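# Per-entry structural report
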Amino acid sequence: MVPQPSSGSAVVDEEELKRQKAIDDWLPITGSRNAKWWYSAFHNVTAMVGAGVLSLPYAMAQLGWGPGTAVMILSWIITFYTLWQMVEMHEMVPGKRFDRYHELGQQAFGEKLGLYIVVPQQLLVEVSVCIVYMVTGGKSLQKFAVTVSPDTDLKLTYYILIFASVHFVLSHLPNLNSISWVSLSAAVMSLTYSTIAWTASIHKGIEPHVSYALKATTSTGRAFNFLTALGDVAFAYAGHNVVLEIQATIPSTPEKPSKGPMWKGVIVAYIVVAICYFPVAFIGYAVFGNDVEDNILLSLGKPAWLIAAANMFVVIHVVGSYQIYAMPVFDMLETYLVKKLKFDPSFKLRFITRSVYVGATMFIGMTFPFFGGLLGFFGGLVFAPTTFFLPCIMWLAIFKPKRFGLSWWCNWVCIVLGVTLMIIAPIGGLRSIILNAKTYRFYS
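Definitions and cut-offs
Within each chain, residue numbers correspond to sequence positions counted from 1 in written order. For a predicted model such as this one, the threshold for reporting local features is a pLDDT of at least 70, and the threshold for listing and counting side-chain atom pairs is 80 or more; totals across whole chains, interfaces and linings nevertheless cover every residue. Water and hydrogen atoms play no part in the side-chain values, which are based on all heavy atoms of the structure. UniProt positions are given in the numbering used here, feature names are shortened, and annotations may be inferred rather than shown by experiment. Paired rings are identified among Phe, Tyr and Trp, the last through its six-membered ring, by centres lying within 6.5 Å, and are further divided according to the angle between planes into stacked (under 30 degrees), edge-to-face (over 60) and tilted (the rest). Helix numbering and strand numbering both begin at the N terminus, where a helix is a DSSP run of H or I of at least 4 residues and a strand a DSSP run of E of at least 2. The rule is simple: take the accessible area with a 1.4 Å probe, protein chains only, and divide by the maximum for that residue type; under 20% is buried, over 50% is exposed, in between is partly exposed. Two conditions define a charge sitting above a ring: the NZ of Lys or the CZ of Arg must be within 6 Å of the ring centre, and it must be within 35 degrees of the ring normal. What qualifies as a polar contact is a pair of N or O atoms within 3.5 Å, subject to a donor-acceptor requirement within protein and to the restriction that residues adjacent in sequence count only when both atoms come from side chains. Note on contacts: a residue pair qualifies if any of its non-hydrogen atoms lie within 4.5 Å across the two residues. In plain words, nonpolar cores are sets of buried Ala, Val, Leu, Ile, Met, Phe, Trp, Tyr and Cys residues tied together by side-chain atoms within 4.5 Å. Here a cavity denotes a set of grid points, spaced 1 Å apart and computed over the protein atoms alone, in which a 1.4 Å probe fits but from which it cannot get out, and a pocket denotes an open set meeting protein on both sides within 12 Å along at least five of seven lines; residues with an atom within 4 Å of a point are reported as lining. Grid points are joined across faces, edges and corners, and a volume is the space filled by probe spheres set on the points. The residue classification treats Ala, Val, Leu, Ile, Met, Phe, Trp, Tyr, Cys and Pro as nonpolar and Asp, Glu, Lys and Arg as charged. All others, Gly included, are polar. One speaks of a salt bridge when a side-chain nitrogen belonging to Lys or Arg is within 4 Å of a carboxyl oxygen belonging to Asp or Glu.

The name an unreviewed UniProt entry assigns to the protein chain is Amino acid transporter transmembrane domain-containing protein, from the organism Kalanchoe fedtschenkoi. For the protein chain, the Subcellular location (unreviewed entry) comment in UniProt is given as "Cell membrane". UniProt, in the comment section headed Sequence similarities (unreviewed entry), describes the protein chain in these words: "Belongs to the amino acid/polyamine transporter 2 family. Amino acid/auxin permease (AAAP) (TC 2.A.18.2) subfamily."

What follows is the structure in structure tokens.
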């Protein structure tokens, strides 16, 4: 005789289900699922176009015309392909949604191994982006202030502090959909300042005696700069780390799965990315050659009002980008605190957790504001895996395409290129940080 479950256990199970649903409704990623396809478009633009686009002419100066053009176009194609894979994998198991990158990792690699592989990498990506954006926001604010009032001599540290103060407020918006207006503003700003960067470059005209020779004079310097530039380009294609979380906010039914509107938004986003990236990279390099700064807006001195406006647009955009990357971190922290440590979901818990996180990224950004080196180092070390080849490994593990077929070859080519990038790119970025550190004074 099969024992029947007692009514008491059924009540307990029902209460636990209600508790889990209440937690999911409170968490920032699963708290709201009413996003439209255009939310996907501007969230992806905000996530991808940011600090990276301003360093692309500088990356071209380290790579040269041939390799630079090839790396730019190849990166766009590969990351577009791997992003498509992630959108497809979001609902590959009927009746289940992989709302977070690590959940997809667990499906591909197993419950524990998936967490160990994905969570450290995703956290490194998202935290490092937030740190770099703290520096970018502070530097752009400083450039705006100096352009408007040349007598201003406030330290960069204070500008980072001013920039961070905005996030101590915005970080308490509850979920990803609630920051959609911030993200939309950021996406518009990214298109605007990218357009200003390349149109102002055209207006300025090609510099006299412009040189397209590689910037470094020694073979060692050229090699290290080449590696740093690869990291810069990898950093520019970072949207994959939040794509599943963005898709999680879109409603889904068996008849109308979320991948339809999500894919529509991704296509629009990638068109905008191409419009932003390629003109800035190629025109910026064509105008300034190897004298271009690691942030092209620093190379554009005139007209002053336009450069000041562009820098303020960067500030607004980076505010949105920071929030897009911080939200999955908030989700991880709050999930751990509520589900593992059994804290009650509350405003107080959210307020303390998020304030501590913003304060930590602000402090690290103020302490190590090596913009160019940070991009190269983080771009190669943590962006290459999660963007260039981890989706391909998951695809091979889950879908098991025909050996030596087109899908199999495409994925293995991406994996080999991505692993190579992960190994070699951080070397150049680390060297750049070390060289900067020799002459750097803390909190100057």
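Applying the stated rule across the entire model yields 20 aromatic pairs. Plain terms: the ring middles of Phe80 and Trp263 are 5.4 Å apart, the flat faces sit at 15 degrees to each other, and that makes the pair stacked. Highlighted residues: Phe80 in helix α4 (residues 65-89) and Trp263 in helix α11 (residues 259-288), separated in sequence by 183 residues. On the basis of relative accessibility, which here comes to 25%, the residue Trp263 falls in the partly exposed class. With a centroid separation of 5.2 Å and an interplanar angle of 40 degrees, the aromatic rings of Trp84 and Trp395 are classed as tilted. In this pair, Trp84 sits in helix α4 while Trp395 sits in helix α15 (residues 371-399), placing the two residues 311 residues apart along the sequence. Judged by relative accessible area, Trp395 falls into the buried class, the value being 10%. Ring-pair connections join several aromatic residues into one group, and the members of that group are Trp76, Phe80, Trp263 and Tyr270. Over the aromatic face of Trp26 sits the side chain of Arg350, whose NZ or CZ is 4.3 Å from the ring centroid.

A few words now on the side chain of Ser355. Its place among the elements puts Ser355 in helix α14 (residues 347-367). Classification of Ser355 as buried rests on a relative accessible area of 18%. A polar contact of 2.7 Å, which involves the side chain of Ser355, links it to the backbone oxygen of Phe351. The residues contacting Ser355, other than those within four sequence positions of it, are Phe168 and His172.

Let us look at unusual backbone geometry. Despite not being glycine, Lys342 shows a phi value in the positive range, around 65 degrees. Considering the arrangement of structural elements, one finds Lys342 in the loop between α13 (304-340) and α14. For Lys342, a relative accessible area of 54% puts it in the exposed group. The residue Phe404 is not glycine, and still its phi comes out positive at about 70 degrees. Relative to the helices and strands, Phe404 resides in the loop between α15 and α16 (406-439).

In this structure, Met72, Tyr237, Tyr277 and Met394 are the most contacted members of the largest nonpolar core, which totals 114 residues. When residues in this core are grouped by element, the largest group, 15 residues, is from α11.

Our next topic: the layout of surface pockets. The computed volume of the largest pocket comes to approximately 640 Å³. In terms of lining residues, the largest pocket is bounded by 21 residues, among which Arg100, His102, Leu115, Thr335 and Lys340 are the most central. Where the lining of the largest pocket is concerned, the elements lending two or more residues are α5 (101-109), α6 (111-148) and α13. Split by residue class, the lining of the largest pocket holds 8 nonpolar, 4 polar and 9 charged.

Turning next to the pattern of salt bridges. Enumeration according to the criterion identifies 6 salt bridges in this entry. Across the pair Lys259 and Glu88 runs a salt bridge whose closest N-O atoms are separated by 3.3 Å. Here the residue Lys259 occupies a position in helix α11, and Glu88 occupies one in helix α4, the gap between them amounting to 171 residues. We classify Glu88 as partly exposed; its relative accessible area is 25%. Ionic pairing is found between Glu334 and Arg350, a salt bridge with its closest N-O pair at 3.6 Å. Note that Glu334 is positioned in helix α13 and Arg350 in helix α14, a separation of 16 residues in sequence. Taking the relative accessible area as the measure of exposure, Glu334 reaches 0% and is therefore buried. Residue Arg350 is classed as buried on the basis of its relative accessible area, which comes to 8%. One network of salt bridges, in which partners are shared, links Arg100, Glu103 and Asp331.

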